[in-house]
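# Secondary and tertiary structure notes
One-letter residues, chain by chain:
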Amino acid sequence: MKNFIQKIAKFLEPSKNLVLITLAFWVTHILLRVMLLFRSNPYGFPFVSKPDWFIFHAICIDFMWICNALVVFMVLGGIAAKFNKTKITTIAYTVFHSVILLFTLLDNEVMRFLGGHLSFGLMDTYKDTSSIAMFYDYVANDLSVPYLQFVVLVLMLPLTYGLYKLLYKHYRTPDGFRMKKSVIAMVIFYIASYLFVYFIWTGNARMAKLRPVVSLVYNDLFVTKKVAGLTEKELATYRTSYQNLWQRIEGDSLWKFSDAKEGHGLPLYRVPTAELQNSEKLAAQREMKPNFILVLMESHRGLNTGYMNPQIQPSPTPFLDSLAANSHVWMRMHTSGVPTTGGVLSTHLGIPHHSRLAQATDLAHVTLPSFVSVLTENGYSTHYMSAADPAWDNLGVWMAKWYTAEHYSREREDDSTFMDHAAEFVRDTLSKVGKPFLATLMTRSNHYPFNFAAGMTEEEKARPLQERINVTMNYADRQLARFIRAIQNEEWYKNTYVIIMADHGFPLGENGVSTMNGGGFSNISWIPFFIHGKGLDATRDTTTAAQIDIAPTVLELAGYAVPNIFMGHNLLRDTETIFNADSTSVKKERAGLSLGAYSGYSALGLDNYRVVSKTASNDEVYLFNDGDMRQEHDLAKTEAERTAKMHATLDTLIKISDYSLEHGL
């Protein structure tokens, strides 16, 4: 046994320094993770609301990539040893980790300030020298600990060296037995880390937030994630196609597309005409100063909403059905992005979610105004309330750009406690600030795997997903009823527009799809949407609509027409009145368009048809009648010419929207 140990020790001896350097740098990375996850951001809010849900993943992720680098350098060290150049490998390994450590600190601070990781695109955006001065100002006014970044910058490499010296002293034994045990422990921990991160407790949003610098560099260099840049000729062609289509759908000339420098050359940039800005209708709405309550219901499928699918009995959503019966309802509303980040951002921005990028993190540094920012700038008190942690998928960073304040507590993650708190805050605080207000509520209980509803029995939790979702939707419906009933008798409620919609649906086997990235079919895109309030008659509207329409519609109700880059349309715009031979009038049906990007797929609803396709691909293309909400009859083969034309239009619109999201204003 002694001889065996000596052989192992001899084998590890050339790599002894590399192993000790690895452990020293890993400990320093752990300290950086702790200072990132357990601190507030520079604006005084927690960087993540549940740091305990992140820290162990961070430790494991860092250990794995550091060990991967160790293996590479051990191989290089073995080669160098043959030429008696072992010291060169040690120096190179130390320099490599020192550089990565410095960029890790910078990446952490970029995430704290901007919400997105350090990337080549970000550096290109902020490459001018003024950004250095801006960064210093941020550091000086950091509401966490001012100038802590500089202290860490100065001390982290000396600290790492000190850790290395302590380890070196500890491992200076004649038989190398401690080193052998340590390497075995490292192998075991590596395997355990891999299983923990990728199989035991997974989470795409968490993985995106904890992505190490080496992974970021690798993705930027070798993984093609972004749409190829458009040439000036392509951009001009797409611009013309998009603007002509938008004006055709809009049906009037009250908006004009503009090349003004304020639009940064974006094809979407449009400005209101003087006629629209001075209209009596908008003036009356501004004078009214209406309040808005926007409720985003987690994963509410049109296929499981009672008033949208009467075949499902009993209805899982009786209260939603009763409210819809007295509201303007859009029966053909589609989400413009998945998952929740896609639906929420599309709703706010009036642009579909990016077809390839993780928009919430990859584009957090881009300036993109929302309808909320317009309301905030015009004197509204705007509040975002979420039952789910908005820091989880980086939504909190975006909401902080637009809203007056955000509200989240891990003690109020169930929709019952969340709705009670929201009703109390809106009724007793928000309605009394002396300003019109917008309260946006994001629910949580009806989330996959559809067992989050409080009080579910074991029998209910054991049901198949297709049945279990009815239980959780019904629970969320009851909590919505609690909220509305708690405020509906208030005087200010008479001057409030209540907007109810879902963030997205959920695929449960329809069209052969049961995963979120399996297609853009109606099981994931068809969602409830209606507006209840003064001046809106009870109507079942069959206009094709999407979440990109929310922004211009809300601003119409608020009475504001401002330059914007919304791709959607005001769903309440005036319709043309046609007079028959007998002088009776008939309102012409309002034209509509729906557009969305869904994890590798995209879809377009136009001229009473809907095309669903793999993004930028001809491999999968489906065509359905827009009224075929279950999408049971694929018309792609029988309507080949129409399919090809709509598919080309879809490709154009997605390229335009991706380009606009990447560049911003």
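Preceding this section is the structure that the text describes.
Residues numbered from 1 in each chain as written. Predicted model: local features only at pLDDT ≥ 70, side-chain atom pairs only at ≥ 80, totals over all residues. Heavy atoms only, no water.

### A look at the overall build of the protein
The secondary structure content of the protein amounts to 24 helices and 18 strands. In terms of overall dimensions, the protein is globule-like: its C-alpha atoms have a radius of gyration of 28 Å, near the 26 Å expected for 665 residues. Along the first, second and third principal axes, the C-alpha set of the protein runs to 105 × 60 × 55 Å. Residue burial in the protein is summarised as follows: out of 665 residues, 55% are buried. For the protein, restricting intrachain contacts to residue pairs at least 6 apart in sequence, the fraction spanning at least 24 positions comes to 72%. Of the accessible surface of the protein, which amounts to about 29,500 Å², a share of 58% is contributed by carbon and sulfur atoms. For the protein, the centre of its 62 positive side-chain charges and the centre of its 63 negative side-chain charges are spaced 11 Å apart. (Helix = DSSP H or I, 4+ residues; strand = E, 2+ residues; numbered from the N terminus. Rg over C-alpha atoms; globule rule 2.2 N^0.38 Å. Buried < 20%, exposed > 50% of the residue type's maximum accessible area, 1.4 Å probe, protein only. Contact = heavy atoms within 4.5 Å. Areas by Shrake-Rupley, 256 points an atom, 1.4 Å probe, with all protein chains shown as cover. Lys, Arg positive; Asp, Glu negative; His and termini not counted. Charge placed at Lys NZ, Arg CZ, Asp CG, Glu CD.)

### Looking at helix H4 (residues 86-114)
Taking 1.5 Å of rise per residue, 29 residues should cover 42 Å, and H4 covers 42 Å from first to last C-alpha, within 8% of that figure. Downstream of H4 by a residue or two, glycine 115 has a phi angle that is positive, lying close to 85°. (Expected span 1.5 Å × (residues − 1).)

### With respect to the packing of aromatic side chains
In this description, a pair of aromatic rings is defined by centroid distance and the angle of the planes. Tallying each qualifying case throughout the model produces 29 aromatic pairs. The interplanar angle of 55° and the centroid separation of 5.6 Å between the aromatic rings of tyrosine 384 and tyrosine 403 together place this pair among those described as tilted. Highlighted residues: tyrosine 384 in strand E6 (residues 381-386) and tyrosine 403 in the loop between helix H18 (395-402) and strand E7 (405-407), separated in sequence by 19 residues. Arranged with centres 6.1 Å apart and planes meeting at 85°, the rings of tyrosine 448 and phenylalanine 450 form a pair that is edge-to-face. According to the relative accessible area criterion, phenylalanine 450 is buried, its value standing at 0%. Site record: aromatic cluster; members linked through ring pairs are Trp53, Phe54, Phe196, Trp201 and Trp392. Across from the ring centre of tryptophan 53, 3.9 Å away, lies the NZ or CZ of lysine 50, which sits over that ring. One cation-aromatic arrangement involves lysine 209 over phenylalanine 47; the distance from NZ or CZ to the ring centre is 5.1 Å. (Phe/Tyr/Trp six-rings, centres within 6.5 Å; stacked < 30°, edge-to-face > 60°. Lys NZ or Arg CZ within 6 Å of the ring centre and 35° of its normal.)

### Regarding the sheet that holds strand E17 (residues 609-614)
Taking strand neighbours across the sheet as the criterion, the four strands line up as E15-E16-E17-E18 in an open arrangement whose pairing is antiparallel. Single-partner strands in this sheet number two, and they are strand E15 (593-598) and strand E18 (621-625). On average, adjacent strands in this sheet sit at an angle of 10° to one another, irrespective of strand direction. In terms of strand pairing, E17 meets E18 through five bridges, oriented antiparallel. Looking across to E18, one finds that arginine 610 is bridged to phenylalanine 624. (Pairing = 2+ DSSP bridges. Axes fitted to C-alpha atoms, helices over the stretch in contact; angles between N-to-C directions.)

### Some remarks on the pairing of strand E8 (residues 437-442)
Among the six residues of E8, six are classified as buried, and the element is accordingly described as predominantly covered. Here E8 shows two buried faces, one formed by Phe437, Ala439 and Leu441 and the other by Leu438, Thr440 and Met442. As paired elements, strand E3 (residues 291-297) and E8 share five bridges and run parallel to each other. Its bridge partner being in E8, phenylalanine 292 is matched across the sheet by leucine 438. Examined bridge by bridge, E6 and E8 share six bridges and lie parallel to one another. Bridge assignment links methionine 385 to a residue of E8, and that residue is leucine 441.

### Focus on the sheet that holds strand E9 (residues 496-502)
Spatially, the eight strands line up as an open sheet ordered E7-E6-E8-E3-E9-E10-E4-E11, and their pairing is mixed. Each end of this open sheet is capped by a strand with a single partner; those strands are E7 and strand E11 (539-541). Neighbour-to-neighbour, the strand axes of the sheet open up by a mean angle of 15°, direction not taken into account. In terms of strand pairing, strand E4 (residues 328-330) meets E11 through three bridges, oriented parallel. Of the residues in E11, the one forming a bridge with tryptophan 330 is aspartate 541. Against the sheet, helix H21 (residues 465-487) engages E3, E8 and E9, with an angle of about 170° to E3.

### Quick look at the pattern of salt bridges
If you walk through the whole model with that rule in mind, you get 22 salt bridges. Its salt-bridge partner being aspartate 574, residue lysine 281 comes within 3.3 Å of it at the nearest N-O pair. On the criterion of sequence distance, the pair formed by lysine 281 in helix H13 (residues 280-288) and aspartate 574 in the loop between helix H23 (550-558) and strand E13 (577-579) is long-range, its members being 293 residues apart. Note that glutamate 510 and arginine 301 form a salt bridge whose closest N and O atoms lie 2.8 Å from each other. Taken together, the residues glutamate 510 in the loop between E9 and helix H22 (522-525) and arginine 301 in the loop between E3 and helix H14 (318-324) connect sequence positions 209 residues apart. (Salt bridge = Lys/Arg side-chain N within 4 Å of Asp/Glu carboxyl O.)

### With respect to the environment of glutamate 632
Checked against the element boundaries, glutamate 632 lands in the loop between E18 and helix H24 (640-663). C-alpha of glutamate 632 to C-alpha of phenylalanine 120: the two residues are 512 residues apart in sequence and 44 Å apart in space.

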